[in-house]
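So the chains spell out like this:
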Amino acid sequence: MKKYIITLLLGLTGFYASAQQSDFILTYQMALPLGNTSDYISTFSGRGVGLEWKKHLLTTPVSFGFSVNWNVLYQKVDDRYNSPEEGIVADGKQYRYHNTVPILLHANYYFNEDGIVNPFVGVGLGTYYINQRTSFGQWAFIEQNWHFGVAPEVGVVADVSSSFNMLFTIRYNHAFKAGNATDHSYLGFNVGFVF
Amino acid sequence: MKTLFLKAFMLSSLIALLQSCYPGGAEYTSDLDIAISRYDSVESLRAYRTYYLVEDSIAVTSNTKDTLTLVQQLAVLANVDTQLQGILELEKVTKSELESGTKVPDLFIQLSQIAVQQSGFVWQPPYYPGYPGWGYPGWGYPGYPWYGGGYSYYSYSNGTILLDFIDVEQTTKENEGIGNDEVPVLILGWQGALNGVLSRANSVPLINEGVDVLFDQYNTAKAGTE
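Residues numbered from 1 in each chain as written. Chains lettered and ligands numbered in written order. Predicted model: local features only at pLDDT ≥ 70, side-chain atom pairs only at ≥ 80, totals over all residues. Heavy atoms only, no water.

A.B. asks: I keep staring at the overall build of chain B and nothing clicks. Help me out?
C.D. replies: Looking only at helices and strands, chain B has six helices and 10 strands in total. Sequence-distant contacts in chain B: of pairs separated by 6 or more residues, those separated by 24 or more amount to 81%. When the accessible surface of chain B is split by element, carbon and sulfur atoms take 54% of a total near 11,000 Å². (Helix = DSSP H or I, 4+ residues; strand = E, 2+ residues; numbered from the N terminus. Contact = heavy atoms within 4.5 Å. Areas by Shrake-Rupley, 256 points an atom, 1.4 Å probe, with all protein chains shown as cover.)

A.B. asks: Is there a simple way to explain the interface of chain B and chain A in this structure?
C.D. replies: Frequently, the measure chosen for interface size is the accessible area removed from exposure when the parts meet. Across the contact, 36 residues belong to chain B and 34 residues belong to chain A. Across the chain B-chain A interface, the total number found is one salt bridge. A salt bridge links B:D216 to A:R80, with the shortest nitrogen-to-oxygen separation between them at 3.0 Å. Joining chain B to chain A, the criterion identifies six residue pairs in polar contact (both at pLDDT 80 or more). Contributions of two or more residues to the side of chain B that touches chain A are made by α1 (2–20), β1 (34–39), β8 (152–155) and α6 (204–223) of chain B. Ranked by residue count, the leading element in the side of chain B that touches chain A is α1(B), at seven residues. (Salt bridge = Lys/Arg side-chain N within 4 Å of Asp/Glu carboxyl O. Polar contact = N/O pair within 3.5 Å; in protein donor to acceptor, adjacent residues only side chain to side chain.)

A.B. asks: In this structure, what is going on with the packing of aromatic side chains? I would like to understand it.
C.D. replies: Ring pairs (aromatic) are described by centroid distance and by the angle formed between their planes. Evaluation of the coordinates by the stated rule reveals 17 aromatic pairs over all chains. Plain terms: the ring middles of A:F44 and A:F189 are 6.1 Å apart, the flat faces sit at 40° to each other, and that makes the pair tilted. Here A:F44, found in the loop between α2 (35–40) and β2 (47–57), pairs with A:F189, found in strand β10 (residues 184–194); they are 145 residues apart in sequence, far enough to count as distant. Using a relative accessible area of 26% as the deciding quantity, one classes A:F189 as partly exposed. With 5.9 Å between their ring centres and 50° between their planes, B:F165 and B:Y218 make a pair best called tilted. Taken together, the positions of B:F165 in strand β9 (residues 160–167) and B:Y218 in helix α6 put the pair 53 residues apart, joining distant regions of the chain. Take B:Y218: its relative accessible area is 1%, and that puts it in the buried class. A network of ring pairs unites the aromatic residues A:F24, A:W53, A:F66, A:F164, A:F193 and A:F195 as a single cluster. Cation over ring: A:K54 sits above A:F120, and NZ or CZ is 5.0 Å from the ring centre. (Phe/Tyr/Trp six-rings, centres within 6.5 Å; stacked < 30°, edge-to-face > 60°. Buried < 20%, exposed > 50% of the residue type's maximum accessible area, 1.4 Å probe, protein only. Lys NZ or Arg CZ within 6 Å of the ring centre and 35° of its normal.)

A.B. asks: Can you help me understand the pairing of strand β2 (residues 50–53) of chain B in this one?
C.D. replies: Consecutive side chains along a regular strand alternate between the two faces of the sheet. Residues and elements named next belong to chain B. Residues T50 and Y52 line one face of β2 and the alternating positions Y51 and L53 line the opposite face, and both faces are buried. Here two bridges tie β2 to strand β4 (residues 91–92), and the two strands are oriented parallel to one another. Counted as the bridge partner of Y51 is K92 from β4. (Pairing = 2+ DSSP bridges.)

A.B. asks: Before we go on, may I ask you to explain α6(B) in this structure?
C.D. replies: Given 3.6 residues per helical turn, the α-helix brings residues three or four places apart onto the same face. Residue and element names in this part refer to chain B. The end-to-end C-alpha distance of α6, which contains 20 residues, comes to 29 Å, matching closely the 28 Å that a straight helix rising 1.5 Å per residue would cover. For α6, every residue scored as buried is listed here: V204, I207, N208, G210, V211, L214, F215, Q217, Y218, T220 and A221. The N-terminus of α6 is capped by S203, whose side-chain oxygen sits 3.1 Å from the backbone nitrogen of L206. Immediately downstream of α6, the backbone of G224 shows phi near 75°, a positive value. (Expected span 1.5 Å × (residues − 1).)

Below is the structure:
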């Protein structure tokens, strides 16, 4: 364990020593639920926000960063609940909320770092806090879990102004199974300002 | 300094935007109305053929006045009686047939209304702690239900209508040899609950609509598939 910590510290020291420019990014995030998440809430969401800090390396077109994001999925469902195993049938309006907070470390590679339009590919790795709440009548069924997850993404940075750049990315978020909770995934469409 | 101000402005705008469009959920009291039913065995549901319905009145558990009047109760009971034969296709056993012992129903059905003010009630089929007397010959008259133990949930003053389908054969077997002063244990074959229908003008059409939904759930349960 000690060995890994020392390696990590040395790596970080090297990274900061060679780091050139840092970026602060604010993103507006939209989400398209996929897989199990889509089974629970299928509607596209325009409710999301993200903050990201990035450091670019001096010699290679690579950056490392850290982000905190918040995505909210919501759907009102009128479907009948029928569970022969539990011996329950229920009708009523269900209000389904799915809050995801991805906290990720990022590594990106840039293809045209000095250009006006700079495409990149990257990957995020970290934890997804997911709070899923179903309101039914006067009751609420809540599931909350911390998941391990990955977030590969493709994007482009556009040099639009002297004080900030614009960022457009498509990020696939995948939170792996945690405890009794299923895995979750959604495709994020992010528009941001890079300062 | 200018950039810092811009960052702070953008950040607070984004958070404010997200906060303002956070989904709100239920808007009206009617959005909270639910119909829910529970049962123990699909085979039993398929086996029930006959019923006896307590038609005199609906039992009351309440600490408010938000309950149905006798006229409203009788209107609800008339609809329940009709739909037991219509939607559920069960055969009715009359009071005289029951009392003379010429017919023994599969189900003894009693309705109750619960209008509680911010306190909980508990619902636990199929084992029922029992009425002081549940109206079946030899067990006394219908009384007020008492709920205890197990699955609990809370209700505000909007109230609940419960439909209890008591399995006569199982209940009789369960209570063989108990003394007169002992409370019988009632075995429910099925129980339906309409939550949110009382005190919203105590609308009989609304309750009747809910009863139809519950009986449709019974048929869904009988089909036995998801």
